[in-house]
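# Reading the structure
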Amino acid sequence: MTAPSPYGDRRRGRVGLLGGSFNPAHAGHRHVAECALQRLRLQQVWLLVSPGNPLKPVAGMAPLSARLASARTIADGRRIVATDIETRLGTRYTADTLRRLRRHFPCRHFVWLMGADNLVQLPRWRAWLDIARCMPFAVLPRPTYNHRALAGLAARRLRRARVPAQFAPALAGLAPPAWVFLPAPQHAASASAIRAAGPQRRSRE
């Protein structure tokens, strides 16, 4: 299946959205996508390769073309699809991207996917409460972040919207705000560690 068109379509389906720099993509991203497909009963996961994360330094950021190519190495082009749709939509902030995707794909049931590290940082994101009100989201565990994530500002502000993990398969059909913390095996891979290890390590990932 080809990457989603910025013009949208009216096809139905349950789709997980995993955004990130993918600088580079690695086995941890693939692990999150596969867990979400299974636990949330999704038809697809789209890897949204960011044109540039406003919270990350430009130094050390590979060109979009290289990061998109990296994301495609962990995608299968069918159930896990890498895309630069944010660039083609002209959006940079997650809140804007999610609104546009809902507008262009009105028949899809989307779930925003994030690791526990991003739940910790979520209050720093532009219009973060709008993100929570735009679509349901699922949080997957990350080593050393889980306790902080569940005790943090975002989890506290959205505590009434939290869904028990046993209802995760229904999350895509719930009206936001709704979110779930998914107990799942944790993957320790990190893009920053891979970059620090140099080209030899990247070639083995």
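Refer to the preceding data block for the structure.
Before going into details, it helps to say that this report is about the structure given with it. The model shown is predicted, which means the values in this text are computed figures rather than measured ones.

## A few points about unusual backbone geometry
Note that the residue after asparagine 23, namely proline 24, is joined by a cis bond; omega there is 5 degrees. That bond from proline 176 to proline 177 is cis: its omega, 5 degrees, falls within 30 degrees of zero. Structurally, proline 177 is set in the loop between helix 8 (153-157) and strand 6 (179-181). Although it is not a glycine, phenylalanine 22 sits at a positive phi angle of roughly 50 degrees. Among the structural elements, phenylalanine 22 can be located in the loop between strand 1 (13-20) and helix 1 (27-39). Owing to a relative accessible area of 2%, phenylalanine 22 belongs among the buried residues under this scheme. The backbone phi angle of threonine 144 is positive, close to 75 degrees, even though this residue is not glycine. In this fold, threonine 144 is placed in the loop between strand 5 (137-140) and helix 7 (146-151).

## Considering helix 4 (residues 94-104)
Of all the residues in helix 4, the buried ones are Thr94, Ala95, Thr97, Leu98 and Leu101. Each buried residue of helix 4 sits inside an arc of 165 degrees when the element is viewed along its axis, so together they form one side.

## Observations regarding the environment of histidine 31
Relative to the helices and strands, histidine 31 is located in helix 1. Sequence separation of histidine 31 and methionine 135 is 104 residues, and the distance between their C-alpha atoms is 22 Å. If near-sequence neighbours (up to four positions away) are discounted, histidine 31 is found in contact with Pro185, Gln186 and His187. Here proline 185 takes part through its backbone oxygen, which lies 2.6 Å from a polar atom of the side chain of histidine 31.

What counts and what doesn't
Residues numbered from 1 in each chain as written. Predicted model: local features only at pLDDT ≥ 70, side-chain atom pairs only at ≥ 80, totals over all residues. Heavy atoms only, no water. Helix = DSSP H or I, 4+ residues; strand = E, 2+ residues; numbered from the N terminus. Buried < 20%, exposed > 50% of the residue type's maximum accessible area, 1.4 Å probe, protein only. Arc of directions from axis to C-beta. Contact = heavy atoms within 4.5 Å. Polar contact = N/O pair within 3.5 Å; in protein donor to acceptor, adjacent residues only side chain to side chain.

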